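These are the residues of each chain, in order.
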Amino acid sequence: MTDMKDVYLRIGSLLYIMENSKSKTVGRTAAMKYQYLLQTVKKVHLGYDFRLYYYGPFSQEVLNDIDYAESLGVLKTEVVYYASGYGYKISPGAAAQGFMEKASEVIAPDKDKLDWLVGEFEGKSAAELELIGTAVYIDRNAGKAEQIISINDICSSIKRIKPRFDLDAIRKTVSELLEKKVFVAVRNNNLAT
Amino acid sequence: MLEIRRTYEIRCPVFGFIHLYDWEREIINHKYFQRLRRIRQLAWCDLVYPGAMHSRFEHSLGVLHMATLLFEGIVERSKTVLQDEMALNSTGLERHKIIVRLAALLHDIGHAPFSHAGEELFPIIPKKSLRYTHENYSAEIVRQHFADVINNNRELLNNYGKIADDVVNLLEGGPQAGTVLFWKDLISGQLDADRMDYLLRDSLHAGVDYGRYDWRRLVNTFVAVPSSAEYGNLGVSEGGWHAAEGLFLARYFMFTQVYFHKTRVAYDHHIQEALASLLPGGKFPPPTPDGIIDYLKWDDGRVLGLLSEGKGGEHGRRLLERDHFRLIRETPETPDEADNERYAEWKETLGELLAFEGRASKSWYKIAKSDIPVVSETTDRKIRPLNEYSSIVAKIKPIKQLRLYVEKEKKGEANERLEKVKGK
């Protein structure tokens, strides 16, 4: 793939998600976790190397691409302040339409996967997406080692990484992902410890 | 809590003295750590900057030292955040410090000969479209060859239990690391000890000043922030934002002047091609138990020996005789779509004259989006991004430069062809 074809697929995917979401924007965490889920769960060939950090799966390359798209005017980013810190709101830039005219052909084969992502995860908060990304990463890590893990196991693993997260919230997220058939290694069992 | 008293000192051209614990000295004396003395930090950069002959060995010690300074500073200044995030007491934090030091010391143990130049020759991970990285090799080498050294050390075992797996998981980003993952940004992040060391060290040995920044001020203002997936969990207090700005500028200048120097890029290509002809199957062995043993037999010395015997083909000759491919055209540092189209046209026009392409996006040292949280020193402790403080950092664009190279003898002919292209 040439560099620009990579950019069309990666940024085109984000633009498509924004176009089809209610808010027409994404946060930075959402952009990161959406790319992770597209690549890991739906096997879209984005080519990112994700590693698990304290705040979930992360690839610097995702931010580099967003930054590059901003420099081309395809995306624009504004800082949004909260009581506890700040976040980013990413939206289509002035050059987005022209970009999508070229990118739409590149993303066309993966359109149904993008629709799945929007349908299942659009509107989730940054904290929820952080949990979702971490849960999927742990699941895939177990799958790579050809292990089967229980819901209790994965909830405990997440809680060990993120002790500040409420265990009930973790269990709710894991149960939802199980229903969506996102996991490869996690199996349902009695949630009660 | 037992206080560890036995320490050793080793000299460092950047930091003066680096202090080591007993088990770290044992690790450093291991043959596979000693191998890092035979891996040059900057590959063939000495063909541009003759002093750039330093090794991964001294860099690894430097990262250990820097990671320790940052860790200790964070613990001193961010107790509340650490308590809220991880509920660790001083014993727990001491254990984390030991693990972070080991991860910092061993983070580059898996480097190929000539460092990043060899990474394109790592095999593809089975069932994925990604190549292994030196981090994968480092984690596997620690697992196979250093885990016993770490876990069998009596002082470590009696005070902290078996921690080798935690070191591996911190390096790899493994979920089993638990709260130790909090420190991953310290090993590999925007403000990591690795980058903070190599900018200073590479600048010193290359004989340039581009990589110098106020590291002491940065270390003294480093803090933990309430974790956010938007910006991570490490930042600087407001008094340190200029130092953070200086670090970012150091990265920019070192990238454009040293790491992505047009001649250095040519030699990265030549060593990759030469290595491909020297390696069985054109690739390094994978990071499997058997593959690692073969992999660790490769270092700069072995490659140089083979090149001096005339192996490595045409590229081997070019390396020995300093006869590199020449830059013929390049885009601006941040090309727009029109620049990319012009580049494609040049490339097509050159045809068979094109020797290879250099891409800034492929460089390991490429300039990344900066997002360093800055904590206000007012009572509200408001957190804002560095971009909001520094108009310079806000304006720096990502470097996506593209370059075309030809053989020296073909430069005239190549220029004649390209002169005919509209916009040249």
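Everything that follows concerns the structure shown earlier in this document.
What you are looking at is a predicted structure, and each value in this text was computed from that prediction instead of being measured. (Residues numbered from 1 in each chain as written. Chains lettered and ligands numbered in written order. Predicted model: local features only at pLDDT ≥ 70, side-chain atom pairs only at ≥ 80, totals over all residues. Heavy atoms only, no water.)

### Description of the layout of surface pockets
Here's step 1: In this model, the second largest pocket occupies a volume close to 1700 Å³.
Here's step 2: Taken together, 50 residues line the second largest pocket, and the ones lying closest to its centre are R140, N141 and K144 of chain A together with I125 and K128 of chain B.
Here's step 3: Looking at the lining of the second largest pocket, the elements that each hand over two or more residues are α2 (28–40), α6 (126–144) and α7 (151–161) of chain A together with α6 (134–151) and α8 (164–172) of chain B.
Here's step 4: The element best represented in the lining of the second largest pocket is α6 of chain A, accounting for seven residues.
Here's step 5: In terms of residue class, the lining of the second largest pocket is built from 19 nonpolar, 16 polar and 15 charged. (1 Å grid on protein atoms, 1.4 Å probe; cavity = no way out; pocket = protein on both sides within 12 Å on 5 of 7 lines; lining within 4 Å. Points joined across faces, edges and corners; volume = space filled by probe spheres on them. Helix = DSSP H or I, 4+ residues; strand = E, 2+ residues; numbered from the N terminus. Nonpolar A, V, L, I, M, F, W, Y, C, P; charged D, E, K, R; others polar.)

### Some details on the packing of aromatic side chains
Here's step 1: Scanning the entire structure with this criterion turns up 32 aromatic pairs over all chains.
Here's step 2: Geometrically, the ring pair formed by Y53 of chain A and Y55 of chain A is stacked, given 5.6 Å between the ring centres and 25° between the ring planes.
Here's step 3: A residue is classified by how much of its surface remains accessible, and Y55 of chain A, at 4% relative accessible area, is buried.
Here's step 4: Judged by centre distance (5.8 Å) and plane angle (90°), the ring pair of Y55 of chain A and F58 of chain A falls under edge-to-face.
Here's step 5: Linked through ring pairs, F122, Y132, Y137, F284, Y295 and W298 of chain B together constitute an aromatic cluster.
Here's step 6: A cation over an aromatic ring shows up here: R40 of chain B above the ring of W44 of chain B, its NZ or CZ 5.4 Å from the ring centre.
Here's step 7: Directly above the aromatic system of Y389 of chain B lies the positively charged group of R384 of chain B, at a separation of 4.5 Å from the ring centroid. (Phe/Tyr/Trp six-rings, centres within 6.5 Å; stacked < 30°, edge-to-face > 60°. Buried < 20%, exposed > 50% of the residue type's maximum accessible area, 1.4 Å probe, protein only. Lys NZ or Arg CZ within 6 Å of the ring centre and 35° of its normal.)

### Things to note about the packing of α2 of chain A against helix α3 (residues 60–71) of chain A
Residues and elements named next belong to chain A.
Here's step 1: Put simply, α2 and α3 touch, their axes get as near as 10 Å, and they point 120° apart. Comparing the axis directions of α2 and α3 gives the class oblique. In the crossing of α2 with α3, the sense of the turn from one axis to the other is right-handed. Touching R28, A31, M32 and Q35 of α2 are V62, L63 and I66, all from α3. (Axes fitted to C-alpha atoms, helices over the stretch in contact; angles between N-to-C directions. Parallel < 35°, antiparallel > 145°, perpendicular 65-115°, else oblique. Left-handed = near helix turned anticlockwise from the far one by under 90°. Contact = heavy atoms within 4.5 Å.)

### A few points about the pairing of strand β4 (residues 232–237) of chain B
All names here are of chain B.
Here's step 1: The buried fraction of β4 amounts to six of the six residues, a majority that puts the element mostly inside the structure.
Here's step 2: Bridge count between strand β3 (residues 222–228) and β4: four bridges; the pairing is antiparallel. Bridge pairing links A224 to L234 in β4.
Here's step 3: Taking the residues between adjacent antiparallel strands as the criterion, β3 and β4 are bridged by three residues.
Here's step 4: Of the pairings in the sheet, the one linking β4 to strand β7 (residues 373–375) comprises two bridges and is parallel in character. Across the sheet, S237 pairs through a bridge with V375, a residue of β7. (Pairing = 2+ DSSP bridges.)

### Brief notes about empty space enclosed by the protein
Here's step 1: The tally for this structure, following the rule as stated, stands at three cavities of 30 Å³ or more.
Here's step 2: Every residue along the wall of the second largest cavity is listed here: E61 and N64 of chain A together with S361, K366, I367, P398, I399 and K400 of chain B.
Here's step 3: Among the residues making up the lining of the second largest cavity, the classes are represented as three nonpolar, two polar and three charged.

### Some words on the sheet that holds β3 of chain B
All names here are of chain B.
Here's step 1: Here four strands make up an open sheet; going across it, the order is β3-β4-β7-β8 and the pairing mixed. Unpaired on one side and paired on the other, β3 and β8 (383–385) mark the two borders of the sheet. Strand-to-strand twist in this sheet, taken as the mean axis angle between neighbours without regard to direction, amounts to 40°.

### Some words on the sheet that holds strand β6 (residues 356–359) of chain B
Strand pairing in a sheet is mediated by backbone hydrogen bonds. Such pairs are either parallel or antiparallel.
Residues and elements named next belong to chain B.
Here's step 1: Taken in spatial order, the three strands of this open sheet run β5-β9-β6, and their pairing is antiparallel. The strands lining the two open edges of the sheet, one partner per strand, are β5 (326–330) and β6. Averaged over all pairs of adjacent strands, the angle between their axes in this sheet comes to 35°, without regard to strand direction.
Here's step 2: The pairing of β5 with strand β9 (residues 402–406) spans four bridges and is classified as antiparallel. For R329, the partnering residue across the bridge sits in β9 and is L404.

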